[in-house]
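The lines below spell out each chain.
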Amino acid sequence: MTLFIVRHQHARDYPAHAVGATMTRMMAHRTGVLSIAVSLLLAGVIGGTTPVQAQTPQVPQYEVDPFWPKLPLGDGWITGGLGGMCIDGRDHVYVLNRQNVVPADLNAAQLAPPVIEFDPGGNVVRSWGDPAQLGDRLHDCHVDDDGNVWVVAAGTGVVQKYSNDGSKLLLQIGESDTYDSSDGTREGRPLNSDRAQFFLPASVDVDPETGDIYVADGETPRGNYRIVVLDHNGRFLRQWPLFRAATERDITPLPHCLRIANDGLVYVCDRQADRIQVFDRMGAFIRNIDVPWPAHAPSVNRRGGTRGTAVVVAFSPDPEQRHLFVLNQNSVMVDVLDRQSGRVVSSFGGGPGRYIGQFTLPHGIAVDSAGNVYVAEQEGRRIQKFRLIAR
């Protein structure tokens, strides 16, 4: 506290008639000084010199919507494993059906088409796709700003661009059943060559600013292990590998997913290392985001598995994309990460199982404009919606 000292002459030094007036002026001065002191003290408190506890940002919370999608699907359809999914600007959800059903199931059901489109209410509004043209082991999709649907067929080794209704193949990158390997087959040695041919591609995204196409080329350890960038016509531009420190040479590079953030950063699932790697558009490594194993997991040989904690990612719909949603196949949950700090702020899902809210090998994730999260399951052969109930 600041002390104010007022010096004045004794009253006896003044003539008698002046004492009253002088005392009145002194009292007024002291009152003014006290008011200033109190005002400064309050200003210090209000202005922030006294610590004020910051509010903790609210963590998003979710609950499963048991009535999404609407059943039955189509005309008595049965789906195989759902290899991937994506969402467009209208919040329409697209799922990739691998059609790998048990033949006897077709005695009582019809095989669902390879691509199924749902509206926000969970109704099937369109389905399409020629399995022979689309190729083997559908793995990921992306809907660009023009509504075109990009599909990755990992097993066939191609990336395709379709019109929104699937009626027209607009572009194919790579030659079907020809691989970027030493002998052009899936048995050959991966080349990671400077050309628009893939070896088990895993994921695709399109940069809305440049139109460039980004592909994570490396779905399994047998294939390539790179991120490829092509122009809007599919011509090769550049590539880069996953980052490895000197002590990490024994970790197999496996870029299983790829998504481009609004700020232009490229997020890639480093599946075998249980983390996400972040790059700029030119491939400069920025940082790792480690995704932890479940607390109850074994403490040894954690990197020896084939599933991984970072399998597929999606961003929250706010402009800053504050949250990152990661499919963790080890905990069989969805981890919600703060994108800036990389910290896990929450998780949701019921763990492994086939009941509502649980997952059986989840393999695709997307977030709509309202913040609802959709998860597609490969072995569970279904898609589930998780409503945002608090943010």
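Residues numbered from 1 in each chain as written. Predicted model: local features only at pLDDT ≥ 70, side-chain atom pairs only at ≥ 80, totals over all residues. Heavy atoms only, no water.

Before going further, it helps to examine the overall build of the protein chain. Each helix and strand in the protein chain was counted, giving 2 helices and 26 strands. A buried classification covers 50% of the 391 residues belonging to the protein chain. Looking at the protein chain alone, contacts between residues at least 24 apart form 47% of all its contacts between residues at least 6 apart. Counting every atom, the protein chain has about 19,100 Å² of accessible surface; 54% of that belongs to carbon and sulfur. (Helix = DSSP H or I, 4+ residues; strand = E, 2+ residues; numbered from the N terminus. Buried < 20%, exposed > 50% of the residue type's maximum accessible area, 1.4 Å probe, protein only. Contact = heavy atoms within 4.5 Å. Areas by Shrake-Rupley, 256 points an atom, 1.4 Å probe, with all protein chains shown as cover.)

Turning our attention to the sheet that holds strand β1 (residues 61-65). Read across the open sheet, the 4 strands follow the order β1-β26-β25-β24; overall the sheet is antiparallel. Strands with a single pairing partner mark the edges of an open sheet, and in this sheet they are β1 and β24 (362-367). Direction aside, the axes of adjacent strands within the sheet are offset by 30 degrees on average. Note: β1 against strand β26 (residues 383-390), 5 bridges, orientation antiparallel. Across the sheet, Asp65 pairs through a bridge with Lys385, a residue of β26. (Pairing = 2+ DSSP bridges. Axes fitted to C-alpha atoms, helices over the stretch in contact; angles between N-to-C directions.)

So, on to the sheet that holds strand β22 (residues 333-338). Taken together, 4 strands build an open sheet; the order of strands is β20-β21-β22-β23 and the sheet is antiparallel. Every interior strand has two partners, whereas the edge strands, β20 (312-315) and β23 (344-348), have only one. Strand-to-strand twist of the sheet, defined as the mean angle between neighbouring strand axes without regard to direction, takes the value 25 degrees. Of the pairings in the sheet, the one linking strand β21 (residues 323-328) to β22 comprises 6 bridges and is antiparallel in character. Looking at β22, one finds that Leu324 is bridged to Leu337.

Buried residues dominate strand β18 (residues 275-279), accounting for 5 of its 5 residues. By the bridge criterion, 5 bridges tie strand β17 (residues 266-270) to β18 in an arrangement that is antiparallel. Counterpart to Val268 in the pairing with β18 is Gln277. Hairpin connection from β17 to β18: 4 residues lie between these consecutive antiparallel strands, with Asp274 at a positive phi of about 55 degrees. As paired strands, β18 and strand β19 (residues 285-290) are joined by 5 bridges and run antiparallel to one another. In the strand pairing of β19, Phe279 is matched with Phe285. The hairpin turn running from β18 into β19, its antiparallel successor, is 5 residues long, and Gly283 in that turn takes a positive phi close to 100 degrees.

Okay, the state of the cysteines next. A full pass over the atoms with the stated rule returns 2 disulfides. Each sulfur of the disulfide joining Cys86 and Cys141 lies 2.2 Å from the other. An S-S torsion of about -110 degrees defines the bridge between Cys86 and Cys141 as left-handed. Of the two residues, Cys86 is situated in strand β3 (residues 82-87) and Cys141 in strand β8 (residues 138-143); the sequence distance between them amounts to 55 residues. You'll find Cys86 and Cys141 in the same group, each marked buried. Cysteine pairing for the protein chain (bonded cysteines numbered in sequence order): 1-2, 3-4. (Disulfide = S-S within 2.5 Å.)

All right, on to the packing of aromatic side chains then. Following the criterion strictly, the structure yields 12 aromatic pairs and no others. Ring centres 5.2 Å apart and planes at 55 degrees place the aromatic pair Phe348 and Phe386 in the tilted group. Placement of the pair is Phe348 in strand β23 and Phe386 in strand β26, with a sequence separation of 38 residues. The burial state of Phe348 is the same as that of Phe386; both residues are buried. (Phe/Tyr/Trp six-rings, centres within 6.5 Å; stacked < 30°, edge-to-face > 60°.)

Right, let's get into the confidence of the model for the protein chain. In the predicted model, the protein chain carries a mean pLDDT of 87, and the fraction of residues at 70 or more is 82%. Predicted confidence for residues 1-53 stays below pLDDT 50, and this span has 13 contacts to residues more than four positions away or in other chains. (pLDDT = per-residue confidence, 0-100.)

Here we take up unusual backbone geometry. The residue after Trp68, namely Pro69, is reached through a cis peptide bond having omega 0 degrees. In this fold, Pro69 is placed in the loop between β1 and β2 (77-78). A positive phi is found at Arg137, a non-glycine position, where the angle reads about 50 degrees. Of note, Arg137 is situated in the loop between α2 (131-134) and β8.

Going through the model one piece at a time under the given rule, you end up with 19 salt bridges. Residue Glu117 pairs with Arg90 through a salt bridge whose shortest N-O separation is 3.1 Å. In this pair, Glu117 sits in strand β6 (residues 115-118) while Arg90 sits in the loop between β3 and β4 (93-97), placing the two residues 27 residues apart along the sequence. With relative accessibility at 1%, the residue Glu117 sits in the buried group. Several salt bridges share partner residues, and in doing so they unite Asp88, Arg90, Glu117 and Arg126 into one network. (Salt bridge = Lys/Arg side-chain N within 4 Å of Asp/Glu carboxyl O.)

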